[in-house]
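Descriptive analysis of the structure
Here is how the chains run, residue by residue.
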Amino acid sequence: MRVIIEPDYASMSKWAANYVANRIKAANPTKENPFKLGCPTGSSPLGLYQELINKYKAGEISFQNVITFNMDEYVNLSEEHPESYHSFMWTNFFSYIDIKADNVHILNGNSKDLVRECEDYEKAIMDAGGIDLFMGGIGPDGHLAFNEPGSSLASKTRIKTLTTDTIHANSRFFDGNLSLVPKQALTVGIGTVMEAREVLLVCNGHKKARALKHCIDGNISHKWTSSMLQMHPRAIVVCDEAACDELSVGTYKYYLDKERGNL
């Protein structure tokens, strides 16, 4: 695992965006051989998305030949609802770049057959040739996508019932009303993410410090599902200083020295 420690959220977002843009450009994608990009939602990747938008507007990158697969979507929430992840992606990213609507894949939480929807999503990823780079964030409890603590580390796309902690955390997007927060979601599995050729996670703020500690400095555990990325051959975690508050001094210095070329 590679860990990049940046001073603050803005620097973290720029580093992550530069990496993603460089990977897309290096692949030189075409219509016949597109780049497959996994996309998260939430507050952590907003800066990353804005930096990618800036690069597109500056003519540094095109998304014409990029196919995206989102991590998750709520169950029984209209796609037009402002808090749906369909709305999130178009409001915060897709509307500002040249991606083709047909190349965007987001789980349908209103499908009449949710099990089939999840199976079809896995097949769509496979038919596309697999995901080249899966971006993601880390939840305060270490979850990745909606793979809550206790989720199988070999899991694939499926229906998940959200924990009380997640429902409370997400209530801020629903005027603090717990009854309005969906209780289930469709989500890619940890196994789905692990099959990507590369994974890049962003993690910022003191509130994510314990999760980051378990992700990179703890044991692999289904209680901290993002810790499974320790087993991925090409995983990168990009974080800010505040998120490092609970790392051991040795771990913190090791990753800084490694990137500075002192090791």
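First, a word on scope: everything that follows refers to the structure included in this document.

Cut-offs used in this document
- Residues numbered from 1 in each chain as written.
- Predicted model: local features only at pLDDT ≥ 70, side-chain atom pairs only at ≥ 80, totals over all residues.
- Heavy atoms only, no water.
- Helix = DSSP H or I, 4+ residues; strand = E, 2+ residues; numbered from the N terminus.
- Pairing = 2+ DSSP bridges.
- Axes fitted to C-alpha atoms, helices over the stretch in contact; angles between N-to-C directions.
- Buried < 20%, exposed > 50% of the residue type's maximum accessible area, 1.4 Å probe, protein only.
- Salt bridge = Lys/Arg side-chain N within 4 Å of Asp/Glu carboxyl O.
- Parallel < 35°, antiparallel > 145°, perpendicular 65-115°, else oblique.
- Contact = heavy atoms within 4.5 Å.
- Nonpolar A, V, L, I, M, F, W, Y, C, P; charged D, E, K, R; others polar.

**Observations regarding the environment of Ala-16**
With respect to the helices, strands and loops of the structure, Ala-16 is situated in helix α1 (residues 9-27). Counting along the chain gives 48 residues from Ala-16 to Gln-64, while the straight-line C-alpha distance between them is 20 Å.

**Remarks on the sheet that holds strand β7 (residues 158-161)**
Spatially, β4-β8-β7 is the arrangement adopted by the 3 strands of the open sheet, whose pairing is antiparallel. Each of the sheet's edge strands pairs with one partner strand only, and the pair in question is β4 (72-74) and β7. The mean angle between the axes of side-by-side strands here comes to 30 degrees, regardless of whether they run parallel or antiparallel. By the bridge criterion, 3 bridges tie β4 to strand β8 (residues 184-187) in an arrangement that is antiparallel.

**Notes on the pairing of β7**
Residue alternation in β7 divides its side chains into a buried set, Arg-158 and Lys-160, and an unburied set, Ile-159 and Thr-161. Two elements, β7 and β8, share 4 bridges in a ladder whose sense is antiparallel. Each residue of the ladder has a partner; that of Arg-158, found in β8, is Thr-187.

**Points about the pattern of salt bridges**
Evaluated as defined, the whole model comprises 10 salt bridges. A salt bridge links Arg-2 to Glu-259; its shortest N-O distance comes to 3.0 Å. Separated by 257 residues along the polypeptide, Arg-2 in strand β1 (residues 2-6) and Glu-259 in helix α8 (residues 249-260) bring together distant segments of the chain. For Arg-2, a relative accessible area of 32% corresponds to the partly exposed category.

**Observations concerning the packing of helix α2 (residues 46-57) against helix α3 (residues 85-92)**
Their axes nearest at 10 Å, the elements α2 and α3 cross at an angle of 40 degrees. By the criterion of interaxial angle, the relationship of α2 to α3 is oblique. Residues Leu-46, Tyr-49 and Ile-53 of α2 lie in contact with α3, whose contacting residues are Phe-88, Met-89 and Asn-92. Split by residue class, the contact of α2 with α3 holds 5 nonpolar, 1 polar and no charged.

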